[in-house]
Amino acid sequence: MRHQNNVLRDPKVEAVLERLHHTADRQALKLFLHYLPQLPRLFLGQGIHWNPDRTHFYRDKYIPIEREQGQLLYLLARAINAQTIVEFGSSYGVSTLYLATAIRDNGQGKVIGTEIVPEKVIQARQHIVEAGLTEFVDLREGDALKTLQDIDGSIDLVLMDGYPHLALDILRLLHPQIRQGGLVISDNVGTFKTALNSYVEFLRTPSHGYRSATLPLKGGTELSIKAG
Ligand SMILES: C[S@@+](CC[C@H](N)C(=O)[O-])C[C@H]1O[C@@H](n2cnc3c(N)ncnc32)[C@H](O)[C@@H]1O
């Protein structure tokens, strides 16, 4: 990893991840230009407006978690000895690789990932094979609202990183199976502030059973624990 210690301690996984992060970094200019008209909103702290009818732009975009978020995910998954991890939005597999490394190092379990764009699923599967993590991943192609309906047993950790307008529905779907002490980590709560407002409110309403705080990672990463 550039600039800092890498907690994964696995050169094979790190090499794949570094290549994917670099490819994602090279898409930054296209993303910047795409969001350019919305820069005033961002500077005013309002976040980018999310239009659920205009997602085509993202079909070939990596838009992965950042390296620091990946390290945090790995550490959290190790800390709670996660064995069932659910990921909404796998894209090309960057977050999947961090989480699957944690599952492997915990000794057993699976990351159940889901991705709706078939071309991304093909690539993500290749990256997982290349990293030697196939047996720790169950990557499901299709709409997460369907593919995540039949999860066996309890869930230790959820990564919420799909399109914002679906986050609350996905959380409601998974909520009964998230165990006490389980974690929900949500990307982009600062970037897509308005679209994720009701989702974050859900996590912050005490009667729903979570304790939740926003970490200053990638402009806002929500860390929530199901505390009962
Ligand atoms: C921000 S990206 C995920 C990045 C990924 N977690 C990573 O770190 O590499 C969001 C992904 O969610 C996928 N997605 C959006 N709606 C979905 C749905 N209904 N079901 C499954 N995947 C979906 C998109 O195609 C996109 O690839």
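The rules behind the values
Residues numbered from 1 in each chain as written. Predicted model: local features only at pLDDT ≥ 70, side-chain atom pairs only at ≥ 80, totals over all residues. Heavy atoms only, no water. Salt bridge = Lys/Arg side-chain N within 4 Å of Asp/Glu carboxyl O. Pairing = 2+ DSSP bridges. Helix = DSSP H or I, 4+ residues; strand = E, 2+ residues; numbered from the N terminus. Axes fitted to C-alpha atoms, helices over the stretch in contact; angles between N-to-C directions. Contact = heavy atoms within 4.5 Å. Buried < 20%, exposed > 50% of the residue type's maximum accessible area, 1.4 Å probe, protein only. Right-handed = clockwise from strand over helix to strand, strands pointing away. Nonpolar A, V, L, I, M, F, W, Y, C, P; charged D, E, K, R; others polar. Core = buried A, V, L, I, M, F, W, Y, C linked by side-chain atoms within 4.5 Å. 1 Å grid on protein atoms, 1.4 Å probe; cavity = no way out; pocket = protein on both sides within 12 Å on 5 of 7 lines; lining within 4 Å. Points joined across faces, edges and corners; volume = space filled by probe spheres on them.

## Description of the pattern of salt bridges
Inspection of the entire model under this criterion finds 12 salt bridges. Because the salt bridges share partners, they merge into one network encompassing Asp-10, Arg-104 and Asp-105.

## Details of the sheet that holds strand β7 (residues 221-226)
Think of a sheet as strands paired side by side through backbone hydrogen bonds, with each pair either parallel or antiparallel. The seven strands lie next to each other as β3-β2-β1-β4-β5-β7-β6, forming an open sheet whose pairing is mixed. Edge positions in the open sheet fall to β3 (137-141) and β6 (210-215), since each of these has one partner strand only. Strand after strand, the sheet turns through a mean of 15 degrees between neighbouring axes, direction not considered. Those strands touched by helix α5 (residues 94-106) are β1 (84-88), β2 (110-115), β3 and β4 (155-160), and its axis lies near 175 degrees from that of β1. Its contacts with the sheet place helix α6 (residues 118-130) against β2 and β3, and it is angled at close to 170 degrees to β3.

## Some details on the pairing of β4
Most of β4 sits out of view: six of its six residues are buried. By the bridge criterion, four bridges tie β1 to β4 in an arrangement that is parallel. Bridging across to β4, Ile-85 finds its partner in Leu-157. As paired elements, β4 and strand β5 (residues 178-186) share five bridges and run parallel to each other. In the strand pairing of β5, Met-160 is matched with Ser-186. In this view, the connection linking β4 to its parallel neighbour β5 by way of helix α8 (residues 167-174) has right-handed handedness.

## Quick notes on the pairing of β7
Remember that side chains alternate between the two faces of the sheet whenever the strand is regular. Looking at chain direction, β5 and β7 are connected through four bridges and run antiparallel. Across the sheet, Leu-183 pairs through a bridge with Ile-225, a residue of β7. Relative to β7, β6 runs antiparallel, the two sharing six bridges. What sits directly across from Ala-213, in β7, is Leu-223.

## With respect to the packing of α8 against helix α9 (residues 197-204)
Following both chains from N to C, one finds α8 and α9 inclined at 35 degrees, their axes separated by 8 Å at the closest point. Residues Ala-167, Leu-168, Leu-171 and Arg-172 of α8 touch α9, and the partners they reach there are Ser-198, Tyr-199, Phe-202 and Leu-203. A per-class count over the contact of α8 with α9 returns six nonpolar, one polar and one charged.

## Section: the nonpolar core
Core analysis: the biggest nonpolar cluster contains 35 residues, and Leu-17, Ile-85, Leu-97, Leu-99, Leu-133, Leu-157 and Ile-185 have the highest contact counts within it. If you list the elements that add at least two residues to this core, you get α1 (11-26), α4 (67-79), α5, α6, β3, β4 and β5. The element best represented in this core is α5, accounting for seven residues. Core analysis: the next-biggest nonpolar cluster, separate from the first, contains 30 residues, Tyr-35, Ile-151, Met-160 and Val-184 among them.

## Details of the layout of surface pockets
Within this model, the largest pocket holds a volume of roughly 1100 Å³. Tyr-35, Ile-63, Pro-64, Asn-188 and Lys-218 are, among the 48 residues lining the largest pocket, the residues nearest its centre. Sorting the residues of the lining of the largest pocket by element identifies α1, α2 (28-35), α3 (39-43), α5 and β2 as the ones contributing at least two each. Sorting elements by how many residues they give to the lining of the largest pocket places α2 first, with four residues. Taken together, the residues of the lining of the largest pocket break down into 27 nonpolar, 12 polar and nine charged. Taken as a whole, the second largest pocket holds about 180 Å³ of empty space. Every residue lining the second largest pocket is listed: His-34, Tyr-35, Gln-38, Ile-48, His-49, Trp-50, Asn-51, Arg-54 and Tyr-58. Split into classes, the residues belonging to the lining of the second largest pocket amount to four nonpolar, four polar and one charged.

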